[in-house]
Amino acid sequence: MKQETIKIRYFPGAAQPLDYIDGKSDWIDLRAAERVELKAGQFRLIRLGVAMALPAGYEAHVVPRSSTFKTWGILQTNSMGVIDGSYCGDNDEWRMPVYATRDTCIEQGDRICQFRIVENQPKIVFEPVEHLEGPDRGGFGSTGTK
């Protein structure tokens, strides 16, 4: 497996250095870098305590952990955050935009989301055609429910 080195700045409140969870996944957990109290219906950008200089040609995908909604009742408002390589300055701290569905409290150090580094999509040229040659599947929602 190819290994990349990423420069990372930890901000005050960052719980601990980032690392993989052994044997479970190649995603890396991110923690709240501050204590956050939210009332139902409130929006907040939760500080994650890190900024990174991603390698050229890469971006980061940030998503909630599977237990985030169950534990705190928050939804990531953009469904998936994409952090491109240009977000690499000394003050470009990563944050998670959340909406609270119930009153909740997230403690500093709580694991609320996860990320992975992904290679950028290659340049694509779109070629207009009158018809596509593949078989029709039947349109949106055609694979059934069972």
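Residues numbered from 1 in each chain as written. Predicted model: local features only at pLDDT ≥ 70, side-chain atom pairs only at ≥ 80, totals over all residues. Heavy atoms only, no water.

1. Comments concerning the packing of aromatic side chains
- Tallied over the full model, the rule gives one aromatic pair.
- A centroid spacing of 5.1 Å and a plane angle of 85° characterise the contact between Trp 94 and Phe 115, whose relative ring orientation is edge-to-face. Of this pair, Trp 94 sits in the loop between strand E8 (81-83) and strand E9 (95-100) while Phe 115 sits in strand E11 (residues 111-119), and the two are 21 residues apart along the sequence. Grouping residues by exposure puts Trp 94 and Phe 115 together as buried.
- Looking at Arg 9, its charged tip hangs above the ring of Phe 11, at a distance of 4.3 Å from the centre. (Phe/Tyr/Trp six-rings, centres within 6.5 Å; stacked < 30°, edge-to-face > 60°. Helix = DSSP H or I, 4+ residues; strand = E, 2+ residues; numbered from the N terminus. Buried < 20%, exposed > 50% of the residue type's maximum accessible area, 1.4 Å probe, protein only. Lys NZ or Arg CZ within 6 Å of the ring centre and 35° of its normal.)

2. Comments concerning the sheet that holds E9
- Strand order in the open sheet formed by three strands is E4-E9-E7, with antiparallel pairing between adjacent strands. Looking at the sheet topology across the chains shown, the edges are occupied by strand E4 (43-47) and strand E7 (74-76). Going across the sheet, the axis of each strand differs from the next one's by a mean of 40°, ignoring polarity. (Pairing = 2+ DSSP bridges. Axes fitted to C-alpha atoms, helices over the stretch in contact; angles between N-to-C directions.)

3. Topic: the nonpolar core
- Counting 23 residues, the largest nonpolar core has Leu 30, Trp 94, Ile 106, Ile 112 and Phe 115 as the members making the most contacts within it.
- Taken together, the elements giving at least two residues each to this core come down to strand E2 (28-31), strand E3 (36-38), strand E5 (50-53), strand E6 (58-64), E9 and E11. (Core = buried A, V, L, I, M, F, W, Y, C linked by side-chain atoms within 4.5 Å.)

4. Things to note about the side chain of His 61
- Along the chain, His 61 falls in strand E6.
- One polar contact links His 61 to Glu 59, side chain to side chain, over a distance of 2.7 Å.
- Filtering out sequence-adjacent residues up to four positions away, His 61 remains in contact with Trp 27, Met 80, Gly 81, Val 82, Gln 114, Phe 115, Arg 116 and Val 118. (Polar contact = N/O pair within 3.5 Å; in protein donor to acceptor, adjacent residues only side chain to side chain. Contact = heavy atoms within 4.5 Å.)

5. Describing the sheet that holds E2
- The four strands lie next to each other as E2-E11-E6-E8, forming an open sheet whose pairing is antiparallel. In the strand order of this sheet, the two ends are held by E2 and E8, each with one partner. For this sheet, the mean inter-axis angle between neighbouring strands, taken without regard to orientation, is 30°.
- As paired elements, E6 and E8 share three bridges and run antiparallel to each other. Residue His 61 lies in a different strand from E8, and its bridge partner there is Val 82.

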